[in-house]
Amino acid sequence: MRWTVPSTSFSGREAAAGGVTPGYQAEFEPAMRAALAEAIRAVSPRAEVPVGAVVLDRAATIIGRAHNMREADADPTAHAEIVAIRQAAREIGGWRLAGCTLVATLEPCTMCAGAIIAARMERLVYGAPDPGAGAAGSLWDVLRDRRLGHRVEVIGGVLAGECGALLRDFFAQRRPERA
Ligand SMILES: [Zn+2]
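If you're wondering where the values come from, they're calculated on a predicted model, not measured in any experiment.

1. Re the pairing of strand 4 (residues 101–106)
And then number 1: In terms of burial, strand 4 is a largely internal element, six of the six residues being buried.
And then number 2: Of the pairings in the sheet, the one linking strand 2 (residues 52–56) to strand 4 comprises four bridges and is antiparallel in character. Among the inter-strand pairings, Leu56 is bridged to a residue of strand 4, identified as Thr101.
And then number 3: Bridge count for strand 4 against strand 5 (residues 123–128) is five bridges, and the pairing is parallel. Residue pairing for strand 5: Leu102 is matched across the bridge by Leu124.
And then number 4: For the segment spanning strand 4, helix 5 (residues 110–118) and strand 5, crossover handedness is right-handed.

2. Thoughts on unusual backbone geometry
And then number 1: We note that Arg120 has phi near 60°; this positive angle belongs to a residue other than glycine.
And then number 2: Relative to the elements of secondary structure, Arg120 occurs in the loop between helix 5 and strand 5.
And then number 3: Phi is positive for Leu159, which is not a glycine, with a value near 55°.
And then number 4: As for its position among the elements, Leu159 is in the loop between strand 6 (153–155) and helix 6 (160–172).

3. Let's talk about the pairing of strand 5
And then number 1: Within strand 5, five of the six residues are buried, which leaves the element mostly enclosed by the surrounding structure.
And then number 2: Here three bridges tie strand 5 to strand 6, and the two strands are oriented parallel to one another. Paired with Val125 across the bridge in strand 6 is Ile155.

4. Concerning the environment of Ala84
And then number 1: By the secondary structure assignment, Ala84 is in helix 4 (residues 80–92).
And then number 2: The class of Ala84 is buried, set by 27 C-beta atoms lying within 10 Å.
And then number 3: In the structure, Ala84 is positioned 18 residues away from Leu102 in sequence and 8.4 Å away in space, judged by C-alpha atoms.
And then number 4: Apart from the residues lying within four places of it in its own chain, the contact partners of Ala84 are Ala53, Val54, Val55, Gly64, Arg65 and Ala66.

5. Points about the environment of Leu166
And then number 1: Structurally, Leu166 can be placed in helix 6.
And then number 2: For Leu166, a count of 22 C-beta atoms within 10 Å puts it in the buried group.
And then number 3: Apart from the residues within four sequence positions on either side, Leu166 is in contact with Ala39, Ile40 and Pro50.

6. Focus on the environment of Gly114
And then number 1: Residue placement: Gly114 occurs in helix 5.
And then number 2: A C-alpha to C-alpha distance of 9.9 Å links Gly114 and Ile82, two positions 32 residues apart in sequence.

7. Quick look at the nonpolar core
And then number 1: Counting residues in hydrophobic clusters, the biggest one holds 49 residues, and the most contacted among them are Val55, Val103 and Ile116.
And then number 2: Only helix 2 (29–46), strand 2, strand 3 (61–67), helix 4, strand 4, helix 5, strand 5 and helix 6 provide two or more residues apiece to this core.

8. Examining helix 4
And then number 1: The terminal C-alpha atoms of helix 4, which comprises 13 residues, lie 18 Å apart, in line with the 18 Å expected from a rise of 1.5 Å per residue.
And then number 2: Looking at the residues trailing helix 4, positive phi occurs at Gly93, about 85°.

9. Things to note about the confidence of the model for the chain
And then number 1: Looking at the chain as a whole, the pLDDT averages 88, with 84% of positions reaching at least 70.
And then number 2: Note on residues 3–18: pLDDT under 50 across the span, and 24 contacts to partners over four residues away in sequence or across chains.

Cut-off values and rules
- Residues numbered from 1 in each chain as written.
- Predicted model: local features only at pLDDT ≥ 70, side-chain atom pairs only at ≥ 80, totals over all residues.
- Buried ≥ 20, exposed ≤ 12 C-beta atoms within 10 Å, placed from the backbone.
- Helix = DSSP H or I, 4+ residues; strand = E, 2+ residues; numbered from the N terminus.
- Pairing = 2+ DSSP bridges.
- Right-handed = clockwise from strand over helix to strand, strands pointing away.
- Contact = placed C-beta atoms within 7 Å.
- Core = buried A, V, L, I, M, F, W, Y, C linked by C-beta atoms within 7 Å.
- Expected span 1.5 Å × (residues − 1).
- pLDDT = per-residue confidence, 0-100.

This is the structure we're talking about:
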């Protein structure tokens, strides 16, 4: 199963040379909208915390898309990022997701950052920062830790307002529960 994200073509663009420009960041908005659509799907049937994620291959084709499945699967590891990465690995037929981009509506936790490293992914794009548990620059910066052999390009804040509002609305309607 494959989904194409129209009007996203970041192949060949590299931020390494001179930092990330707003235009470069905006190229990931269509993919973030796909991740947001996943996050919204998490809320209605099972009251999952609304986090969504997609994985893009080198050609910006979506090869994995998922929302948080922790309640549905009774699985503490079923974060949207992990489920999407597993889908992408099945699609590719191997564990190594070199050149791939993970797009997540919320800054990943330590577990998910570890999975990004383990999969040798090239890039993380996230929406809302997570000051309480974020491992891509907020509490920790696992993906750019020089002690690890693999480093990941990190682009934060893509559609951050919409991604964060979804979470705030969710928790405002429920008793706060620690993630
Ligand atoms: Zn996580």
